[in-house]
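Overview (structure and organization)
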Amino acid sequence: MSSTSQDELKKAVAKAAVDYIEPKLDNHSIVGVGTGSTANYFIDYLAEISAKFDGAVASSEASAERLKAHGIPVYDLNGVDELAVYVDGADETNPRLELIKGGGAALTREKIVAAVADEFICIADGSKWVDTLGNFPLPVEVIPMARAHVARQLVKLGGDPVHRHGVITDNGNEIIDVHNLKISNPKELETAINQIVGVVCNGLFANRPADVLLIGRQGGVEKITA
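In this report, the structure presented in the accompanying data block is examined. Computed from a prediction, not measured in an experiment: that's the story for all the values here.

Parameters and conventions
All residue numbers refer to positions counted from 1 along the written sequence of the respective chain. Predicted model: local features are reported for residues with pLDDT of at least 70 only, side-chain atom pairs are reported and counted for 80 or more only, and whole-chain, interface and lining totals are derived from all residues. The side-chain quantities take in all heavy atoms of the structure and omit both hydrogens and water. At least two bridges found by DSSP between two strands is the condition for calling them paired. Strands are runs of DSSP state E lasting at least two residues, helices are runs of H or I lasting at least four, and both sets are numbered from the N terminus onward. Fitting a line to C-alpha atoms yields each axis, with helices limited to the stretch in contact; the angle taken between N-to-C directions then spans 0 to 180 degrees. Take the buried Ala, Val, Leu, Ile, Met, Phe, Trp, Tyr and Cys residues and link them wherever side-chain atoms come within 4.5 Å; each set so joined is a nonpolar core. Accessibility here uses a 1.4 Å probe with only protein chains present; expressed as a share of the type maximum, an area under 20% marks a residue as buried, one over 50% as exposed, and anything in between as partly exposed. Contact criterion: two residues are considered in contact whenever any of their non-hydrogen atoms come within 4.5 Å of each other. Pairing of aromatic rings covers Phe, Tyr and Trp, the last through its six-membered ring, and needs centres within 6.5 Å; plane angles under 30 degrees mean stacked, over 60 mean edge-to-face, and all others mean tilted. Comment: the charge-over-ring label is applied if NZ (Lys) or CZ (Arg) is within 6 Å of the ring centre and within 35 degrees of the ring normal. For this document, the term salt bridge refers to a Lys or Arg side-chain nitrogen within 4 Å of an Asp or Glu carboxyl oxygen.

Turning our attention to the sheet that holds strand S2 (residues 55-58). The strand order across the open sheet built from six strands is S2-S1-S3-S6-S12-S13, with neighbouring strands paired in mixed fashion. The sheet is open, and its two edges are formed by S2 and strand S13 (220-225), each paired on a single side. Shown here is a sheet whose adjacent strand axes are inclined to one another by a mean of 20°, direction ignored. Where strand S6 (residues 117-125) and strand S12 (residues 212-217) come together, five bridges link them in parallel fashion.

Here's what the structure looks like:
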């Protein structure tokens, strides 16, 4: 798949997401917005209907700045009582809509916003669809002083951890990418990694998977529900 056609698929699912959520919104609605290239297209299309909702909560500083550039008010999640929807991309999705996220290092904030939202809508191009998660390295956000300890524990779980050099999250932490995992039980692994001392969060979205997947394929956008 060429990068151009992949970009077109990302744009198609981003537009489909706006069309999907628009009937659900009113002047009091707050929209949760994710991070990454597909989410950026969603933000751009969302701006076209900005008069139909109150504002947004962003999962990263980068997305917050893009929303503000479009004139969309950005709220702190602590000041929001209810989040109607959360729209974000993924690095991988399986047929149960369990995801790997975190390629953009915003996984912890993404997981927090997803936990609050009434409905989590994942938008992705067809290259992200897999039967078994793990081809994409699993990101794990760690407290800096615990990086070596966490890496040793991840080896025990069967992974090959690699420090993502030069990357500091919006929370001031570091990222370990875990390669060579075949994740047959995503919920179990998500819980096990989160129990390692020093782990802030990992990129498995299995205990809170997406509710709806809008996936862009060459024949159009397909809607899949969990």
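Strands sit in the order S4-S5-S11 across an open sheet of three strands; the sheet is antiparallel. This sheet does not close on itself; its edge strands, each paired only once, are strand S4 (92-93) and strand S11 (204-205). Pairing of S4 with strand S5 (residues 99-100), which is carried by two bridges, proceeds in the antiparallel orientation. From the neighbouring strand, threonine 93 faces S5, where its bridge partner is leucine 99.

Before going further, it helps to examine the nonpolar core. Core analysis: the largest hydrophobic core is formed by 28 residues, its most contacted members being Ile21, Val31, Phe42, Leu46 and Ile121. Sorting the residues of this core by element identifies helix H1 (3-21), strand S1 (30-33), helix H2 (37-46), S2, helix H3 (61-69), strand S3 (83-88), S6 and S12 as the ones contributing at least two each. It is H1 that provides the largest number of residues to this core, a total of seven residues. Excluding its chain neighbours within four sequence positions, the residues that come into contact with leucine 46 are Val18, Ile21, Val31, Val33, Phe53, Leu67 and Ile72. Core analysis: the second largest hydrophobic core is formed by 20 residues, Ile30, Ala90, Leu97 and Leu213 among them.

A complete count under the given rule lists two aromatic pairs for this structure. Aromatic side chains phenylalanine 120 and phenylalanine 205 sit 6.3 Å apart centroid to centroid with 55° between the ring planes, which places their arrangement in the tilted category. You can see phenylalanine 120 sitting in strand S6 and its partner phenylalanine 205 sitting in strand S11, a full 85 residues away along the chain. The buried category is assigned to phenylalanine 120, whose relative accessible area is 0%. The rings of Tyr86, Phe120 and Phe205 are connected pair by pair, giving a single aromatic cluster. Against the face of phenylalanine 205 rests lysine 111, its NZ or CZ located 5.0 Å from the ring centre. Sitting over the ring of tryptophan 129, arginine 217 keeps its end group 5.3 Å from the ring centre.

Okay, the pattern of salt bridges next. Evaluated as defined, the whole model comprises 16 salt bridges. Between glutamate 65 and lysine 68 there is a salt bridge, and its shortest N-O distance comes to 3.8 Å. With glutamate 65 and lysine 68 both in helix H3, this residue pair falls three residues apart, about one helical turn. Between glutamate 98 and arginine 96 there is a salt bridge; the shortest N-O distance is 2.9 Å. Residue arginine 96 is classed as partly exposed on the basis of its relative accessible area of 47%. Residues joined in a network through salt bridges with shared partners are Asp88, Lys101 and Glu110.

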